[in-house]
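# Residue-level structural notes
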Amino acid sequence: MVVEQQRQTPATREVVCTHCERKIEIPATAMSVSCRHCHRRVIIEDLEIKTYHAVLRIATAGKVEVQKKGTLVADVRVNELTVEGSVKGNVIALDRVAVGKKGAIEGNVSCRTLAVEPGAKLNGHYRVDPAFVPPPATPREHADDEIA
Amino acid sequence: MIDKTAAGTPVEFPTVIGADAVFKGELHFEKGVRVDGKIEGKVSTKGHIAVSQGGHLQADVDAGSIIVEGDVKGNLVAGDRVELRKSARLKGDITASKLLVAEGAAFVGHCSIGPDAQKAPAPPPTNRIAEALPRK
Ligand SMILES: [Zn+2]
């Protein structure tokens, strides 16, 4: 596919759908779009976790940053994850996972690159592969059990 | 350079397993060892162990610290830190108080990292092949 040269800053960019893992072109400033392949809503926004946050799944084609006082209890599907606080759940990052010196991840992690600062705590199964292609998220109904 | 930690601290390797050397068995070193060749079995040292690019380890490793630039299949236990450099390929579990992973490194296995991740110190190995090793 030939990408047209844009005279100004590009008005669109490419992200990967967090549900079907296919590429979608989106307006550069979009916060969420409907995937043209699987027609599901894809969140593009970067998220900051500053306090305690427990959900079943958190998915964005952008970044998630878990800050020092943040605790994220969720399965995470992101482009990039930065952890200065703590994460409890399984992580799939299309690109990079970075864990700061006071960061902790309790759960399994799959990503292309991993950066860990001395002092970080990790516990789980890791798959770090520069050629990693995430499996499409399994379509599921709202799960019955909620994370406390 | 494999002769330096990521922090730039020089590391000395009194023992070097040459590129054409293959060792099978249980190896114990008192100080640092650099593996340019191949080791199958078990390796332990209080010092650093470094697996150079092109080096192969098919071994469980217990060391003060471990630097990997080559291929490793086995479980790594380090008292201090494990460093996976960009050319590193590791299949195995890591237990260490610190972990450093460079962009490009590939790794599959369980990770237990943190000050509490220390396992009980392994019993001293009985078989001291290291003493019979030629020094370069
Ligand atoms: Zn989709």
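Residues numbered from 1 in each chain as written. Chains lettered and ligands numbered in written order. Predicted model: local features only at pLDDT ≥ 70, side-chain atom pairs only at ≥ 80, totals over all residues. Heavy atoms only, no water.

Scanning chain B from terminus to terminus reveals 0 helices and 12 strands. Residues classed as buried in chain B amount to 49% of the 136 residues present. Sequence separation of 24 or more characterises 16% of the internal contacts of chain B that already satisfy a separation of 6 or more. Total accessible area computed for chain B in this model is approximately 6600 Å², and 52% of it derives from carbon and sulfur atoms. (Helix = DSSP H or I, 4+ residues; strand = E, 2+ residues; numbered from the N terminus. Buried < 20%, exposed > 50% of the residue type's maximum accessible area, 1.4 Å probe, protein only. Contact = heavy atoms within 4.5 Å. Areas by Shrake-Rupley, 256 points an atom, 1.4 Å probe, with all protein chains shown as cover.)

Take the coordination of the zinc ion next. All names here are of chain A. Those donors, Cys-17 (SG), Cys-20 (SG), Cys-35 (SG) and Cys-38 (SG), are the protein atoms that reach the zinc ion, and they lie 2.3 Å from it. Classification of the site at the zinc ion rests on its 4 donor atoms, whose angles at the metal span 105 to 117 degrees, yielding the label tetrahedral. Spacing between the donor residues of the zinc ion along their common chain follows C-x2-C-x14-C-x2-C. Across the pair, exposure class does not vary: Cys-17 and Cys-20 are buried alike. (Donors = N, O, S within 2.8 Å, 3.2 Å for Na, K, Ca; no water. Tetrahedral: all angles 85-135°; square planar, octahedral: opposite > 155°, others 65-115°.)

Attention now goes to the interface of chain B and chain A. On the chain A side, the residues contacting the 20 residues of chain B number 19 residues. The interface formed by chain B and chain A contains 1 salt bridge. Of the charged contacts in the structure, one is a salt bridge between A:Arg96 and B:Glu103, with a shortest N-O distance of 3.7 Å. Only strand 11 (94-101) and strand 12 (106-113) of chain B provide two or more residues apiece to the side of chain B that touches chain A. Residues of the side of chain B that touches chain A, tallied by class, amount to 10 nonpolar, 6 polar and 4 charged. Bridge count between strand 14 (residues 121-128) of chain A and strand 12 of chain B: 7 bridges; the pairing is antiparallel. (Salt bridge = Lys/Arg side-chain N within 4 Å of Asp/Glu carboxyl O. Nonpolar A, V, L, I, M, F, W, Y, C, P; charged D, E, K, R; others polar. Pairing = 2+ DSSP bridges.)

Moving on, we come to the nonpolar core. Judged by nonpolar contacts, the single largest core of 54 residues is most densely connected at A:Val97, A:Ile105, B:Leu84, B:Ile94 and B:Leu99. No other element matches the 6 residues that strand 8 (residues 71-83) of chain A contributes to this core. Aside from chain neighbours lying at most four places away, what touches A:Val97 is A:Leu81, A:Val91, A:Ile105, A:Val109, A:Cys111, A:Thr113, A:Leu114 and A:Ala115. Membership of the second largest hydrophobic core comes to 11 residues, among which are A:Cys17, A:Cys20, A:Val33 and A:Ile44. (Core = buried A, V, L, I, M, F, W, Y, C linked by side-chain atoms within 4.5 Å.)

What follows is about a positive patch on the surface. A cluster of basic residues, A:Lys68, A:Lys69, A:Lys101 and A:Lys102, forms a positive patch at the surface. Checked against the element boundaries, A:Lys101 lands in the loop between strand 10 (91-99) and strand 11 (104-106). (Patch = residues over 30% accessible without salt bridge, like charges linked within 9 Å, V, L, I, M, F, W, Y side chains within 5 Å. Lys, Arg positive; Asp, Glu negative; His and termini not counted. Charge placed at Lys NZ, Arg CZ, Asp CG, Glu CD.)

Our focus in this paragraph is unusual backbone geometry. Phi at A:Glu21 is positive, roughly 65 degrees, even though this residue is not glycine. For A:Glu21, the location among the structural elements is in the loop between strand 1 (12-16) and strand 2 (23-27).

Let's shift gears to the domain arrangement of chain A. One frequent convention defines the size of an interface as the accessible area lost when the parts assemble. Residue and element names in this part refer to chain A. Each domain of chain A was delimited in the assignment, giving domain 1 (12-41) and domain 2 (45-142). Using C-alpha coordinates to define each centre, domain 1 is positioned 20 Å away from domain 2. For the pairing of domain 1 and domain 2, the buried interface totals around 810 Å² over both sides, and the portion due to carbon and sulfur atoms is 54%. Summed over the three residues of domain 1 that lose the most area to domain 2, namely Thr-18, Glu-21 and Met-31, the buried surface amounts to 59% of that side. Our enumeration of links across domain 1 and domain 2 arrives at 1 salt bridge. Here Arg-77 and Glu-21 are joined by a salt bridge, their closest N and O atoms 2.7 Å apart. Summed over the shared surface of domain 1 and domain 2, the number is 3 residue pairs in polar contact (both at pLDDT 80 or more). A class-by-class count of the residues in the side of domain 1 that touches domain 2 yields 5 nonpolar, 2 polar and 2 charged. (Domains from an automatic or database assignment. Buried area = accessible area lost by both parts, 1.4 Å probe. Polar contact = N/O pair within 3.5 Å; in protein donor to acceptor, adjacent residues only side chain to side chain.)

The next thing to look at is the pattern of salt bridges. Residue and element names in this part refer to chain B. Under the criterion given, the structure shown has 12 salt bridges over all chains. Ionic pairing is found between Asp-80 and Arg-81, a salt bridge with its closest N-O pair at 3.9 Å. On the basis of relative accessible area, Asp-80 is assigned to the partly exposed category, the value being 31%. Its relative accessible area of 16% is what places Arg-81 among the buried residues. A salt bridge links Arg-85 to Glu-83; its shortest N-O distance comes to 2.8 Å.

Let's shift gears to the pairing of strand 4 (residues 38-45) of chain B. Residue and element names in this part refer to chain B. Direction of pairing for strand 2 (residues 22-29) relative to strand 4: parallel, over a ladder of 8 bridges. Residue pairing for strand 4: Phe-23 is matched across the bridge by Ile-39. Here strand 4 runs beside strand 6 (residues 56-63); their pairing, made up of 7 bridges, is parallel. Paired with Val-43 across the bridge in strand 6 is Val-61.

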